[in-house]
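What follows is the residue order along each chain.
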Amino acid sequence: MTSVSHGKPCAGNPHARFEEGASAPESPRRNALLHNRLITGVLITVTALMAEAKPLVVYFSHTGENYAVGNIATGNTAKVALEIAAQTGADIWEIKEKTAYPTSYDACVALAKKELAAGARPEFVGTAPDLANYDCLYLGYPNWWGDAPMIVYSFLDKAAIGGKTIYPFCTHEGSGLGSTARSLATAYPKSKVEPRGLGLRGKTAQTDAAATKTAVADWLKRLGLAK
Ligand SMILES: Cc1cc2nc3c(=O)[nH]c(=O)nc-3n(C[C@H](O)[C@H](O)[C@H](O)COP(=O)(O)O)c2cc1C
């Protein structure tokens with residue numbers, strides 16, 4: 001038996017009053033009321049937790065000599081990543097390689113080809129952020145040989161992405177997102193990879209902030225993620 005402390009009449013029986021601390025008679029209706037209150041409490045808690053959950057932007061981007069943009073200090077994908085974080089209020093984390101990729105475009109292209117063929121998992125600097133604190137992940141990378149750079153897989157292998165929704169975005173110079181979203185979905189079947197990722201020309205991301213802003217805003221709106 002459970003005691004009630006509000007002393008108010010039960011709905012449906014206005015004459016019954018329960019004193020503070022007194023035992024209340026069991027009835028199916030009363031049990032149903034208490035049950036409903038419990039459910040409401042749980043729902044409020046869950047809603048509050050969901051409201052606190054934040055998105056996270058994780059990206060890899062290469063600086064130095066790059067296709068169509070010359071020598072760049074901030075990578076093309078980095079520009080898009082920053083714009084997504086600005087528009088969603090997400091935290092942001094950059095995947096940085098432990099052993100630097102060559103700054104020469106041709107040398108980087110050659111190394112990336114080897115890494116892809118080998119299914120390499122190059123090491124990254126630091127510890128991947130704890131995804132338990134985030135409800136969804138925006139994942140950014142350049143298109144390298146039709147796939148995400150292998151270091152992006154290094155991150156995903158280590159991060160607890162099971163059950164998370166991943167929204168991929170990619171910069172490229174003609175191939176678009178390619179099959180990168182499909183490759184990620186195949187590699188990480190415990191996560192949901194949104195197939196409608198954002199693909200943007202690297203040159204646009206690098207040189208046209210207004211177009212980048214619009215592309216990001218349109219994409220977030222399309223996916224129902226705009227704030
Ligand atoms: C190693 C390497 C491989 C690339 N492969 C492709 C490709 O297959 N298709 C494509 O459209 N662009 C390709 N690109 C161009 C990049 O995807 C593009 O320049 C991108 O915006 C670079 O982004 P970042 O500055 O963030 O690294 C490649 C560039 C590099 C360095």
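Relevant structure appears above.
Here's a quick rundown of the structure. Numbers given to residues run from 1 along each chain, matching the order in which its sequence is written. Thresholds applied to this predicted model are a pLDDT of at least 70 for local features of residues and 80 or more for the giving and counting of side-chain atom pairs; totals over whole chains, interfaces and linings are not thresholded and use all residues.

**Let's talk about helix α7 (residues 209-222)**
Phase 1 of the analysis: Segments assigned H or I by DSSP are reported as helices when at least four residues long, segments assigned E as strands when at least two residues long, and all are numbered from the N terminus. Expected helix span is given by 1.5 Å per residue-to-residue step, counting one fewer step than there are residues. Its 14 residues place the ends of α7 20 Å apart at the C-alpha level, agreeing with the 20 Å of an ideal helix rising 1.5 Å per residue.
Phase 2 of the analysis: For α7, every residue scored as buried is listed here: Thr212, Ala215, Val216 and Trp219. Mapping the buried residues of α7 onto a view down its axis gives an arc of 95 degrees, with all of them on the same face. For α7, exposure combined with an orientation more than 90 degrees from the buried face picks out Ala210, Thr214, Asp218 and Lys221.
Phase 3 of the analysis: In this structure, the buried side of α7 is in contact with α2 (76-88), β8 (198-201) and α6 (202-207).
Phase 4 of the analysis: In the stretch just after α7, Gly224 is the one whose phi turns positive, near 70 degrees. With C-beta atoms placed from the backbone, a residue is labelled by how many other C-beta atoms lie within 10 Å of its own: buried for 20 or more, exposed for 12 or fewer, partly exposed between the two. Each C-beta atom gives one direction from the helix axis, and the arc is the one those directions make. Contacts are defined on C-beta atoms placed from the backbone: any two residues whose C-beta positions lie within 7 Å are in contact.

**Side note on the site of the ligand**
Phase 1 of the analysis: We call a residue near a molecule or strand when its C-beta atom, built from the backbone, sits within 6 Å of it. In the region of the ligand, 23 residues are neighbours, and Ser61, Thr77, Pro142, Thr171 and Gly202 sit closest.
Phase 2 of the analysis: Listing elements by their share of the shell around the ligand, those giving two or more residues are α2, α3 (105-118) and β6 (165-172).
Phase 3 of the analysis: The element that contributes the greatest number of residues to the shell around the ligand is α3, accounting for four residues.
Phase 4 of the analysis: Taken together, the residues of the shell around the ligand sort by class into nine nonpolar, 13 polar and one charged. Polarity classes work like this: nonpolar for Ala, Val, Leu, Ile, Met, Phe, Trp, Tyr, Cys and Pro, charged for Asp, Glu, Lys and Arg, and polar for all others, with Gly in that last group.

**Re the nonpolar core**
Phase 1 of the analysis: By size, the foremost hydrophobic cluster in this structure holds 39 residues, and its most contacted members are Val57, Val58, Tyr59, Ile84, Leu137, Tyr138 and Val152.
Phase 2 of the analysis: Ignoring any residue separated from it by four or fewer positions in sequence, one finds Tyr138 in contact with Pro55, Val57, Ile84, Ala90, Tyr167 and Phe169. The term nonpolar core refers to a set of buried Ala, Val, Leu, Ile, Met, Phe, Trp, Tyr and Cys residues connected through C-beta atoms within 7 Å.

**Looking at the pairing of β6**
Phase 1 of the analysis: Burial analysis of β6 places seven of its eight residues in the buried class, the great majority of the element.
Phase 2 of the analysis: One bridge is not enough; two strands pair if DSSP finds at least two bridges between them. When strand β5 (residues 134-142) meets β6, the two strands line up parallel, connected through seven bridges. Pairing of Tyr138 across the sheet is with Tyr167, part of β6.
Phase 3 of the analysis: Convention used here: a crossover is right-handed provided that the path from the first strand, over the helix, to the second strand proceeds clockwise when the strands point away from the viewer. Note on the crossover from β5 through helix α4 (residues 150-158) to β6: the handedness is right-handed.
Phase 4 of the analysis: Pairing analysis gives two bridges linking β6 to strand β7 (residues 192-193), with the strands arranged parallel. The residue of β7 that forms the bridge with Thr165 is Lys192.

**Let's talk about the environment of Gly64**
Phase 1 of the analysis: Checked against the element boundaries, Gly64 lands in strand β2 (residues 64-66).
Phase 2 of the analysis: For Gly64, a count of 17 C-beta atoms within 10 Å translates into the label partly exposed.
Phase 3 of the analysis: Gly64 sits 38 residues away from Pro102 along the chain, and the two C-alpha atoms are 8.1 Å apart.
Phase 4 of the analysis: Leaving out residues up to four positions away in the same chain, Gly64 has contacts with Asn71 and Thr103.

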